[in-house]
Amino acid sequence: MAYQNNFYRIISSENLSSSGTSAQSGAAPFGASVARIATSANVNIVIGTNPTATAAGALIAPADSTYFVVTPASSAGGTNGDKIASIGTATVNVTWLGG
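Residues numbered from 1 in each chain as written. Predicted model: local features only at pLDDT ≥ 70, side-chain atom pairs only at ≥ 80, totals over all residues. Heavy atoms only, no water.

### Quick word on the sheet that holds strand β4 (residues 43–48)
Keep this limit in mind: A pair of strands is labelled paired if DSSP reports no fewer than 2 bridges between them. Strands are runs of DSSP state E lasting at least two residues, helices are runs of H or I lasting at least four, and both sets are numbered from the N terminus onward.
Here four strands make up an open sheet; going across it, the order is β2-β7-β4-β5 and the pairing antiparallel. Pairing within the sheet leaves two strands with one partner each, and these edge strands are β2 (23–24) and β5 (58–60).

So this is what it looks like as structure tokens:
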């Protein structure tokens, strides 16, 4: 069952195909202040301007849908916002949200 998100608007969403190596998202778009991360299997994530995920990153389980504060791009179409990197064999959905 889907639940309505009453706190944020969806700006965009993307899927990462994570495997044994680090996979990186695009930059947080202008206006995004939160990243919602959901995954099909256990993964480790790191957030930053050019992150590389390792097993030392934050563990996200498939039963969790986790929210993180991010720094967005400084202008529309900009590419300098935070990125999400994940490692683990899974599909990772990153949904960029704005308040």
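### Here's the deal with the pairing of strand β3 (residues 34–39)
Quick reminder of the rule: For the exposure calls, accessible area comes from a 1.4 Å probe over protein chains only, and a residue counts as buried if that area is under 20% of its type's maximum, exposed if over 50%, partly exposed in between.
Where burial is concerned, most of β3 is hidden: five out of the six residues are buried. The pairing of β3 with strand β6 (residues 65–69) spans five bridges and is classified as antiparallel. In the strand pairing of β6, Val-34 is matched with Val-69. Pairing of β3 with strand β8 (residues 90–98) involves six bridges; the strand directions are antiparallel.

### Some details on the environment of Ala-58
Rule in force here: The contact rule is simple, with two residues in contact once any of their heavy atoms fall within 4.5 Å.
Summarising the element assignment, Ala-58 is placed in strand β5. Overall, Ala-58 belongs to the partly exposed group, its relative accessible area being 36%. Considered as a pair, Ala-58 and Ser-18 are 40 residues apart in the sequence and their alpha carbons are 15 Å apart. Sequence-distant contacts of Ala-58, defined by excluding residues within four places in its chain, comprise Val-43, Asn-44 and Ile-45.

### Observations regarding the sheet that holds strand β1 (residues 9–18)
Here is the rule we go by: Comment: axis = line fitted to C-alpha atoms, over the contacting stretch for helices; angle = value between 0 and 180 degrees taken between N-to-C directions.
Here four strands make up an open sheet; going across it, the order is β1-β8-β3-β6 and the pairing antiparallel. What marks the edges here is a single partner per strand, and that holds for β1 and β6. Neighbour-to-neighbour, the strand axes of this sheet turn through a mean angle of 20 degrees, independent of strand direction. Taken together, the nine bridges between β1 and β8 define a ladder with antiparallel strand orientation. The partner of Ile-10 across the bridge, within β8, is Leu-97.

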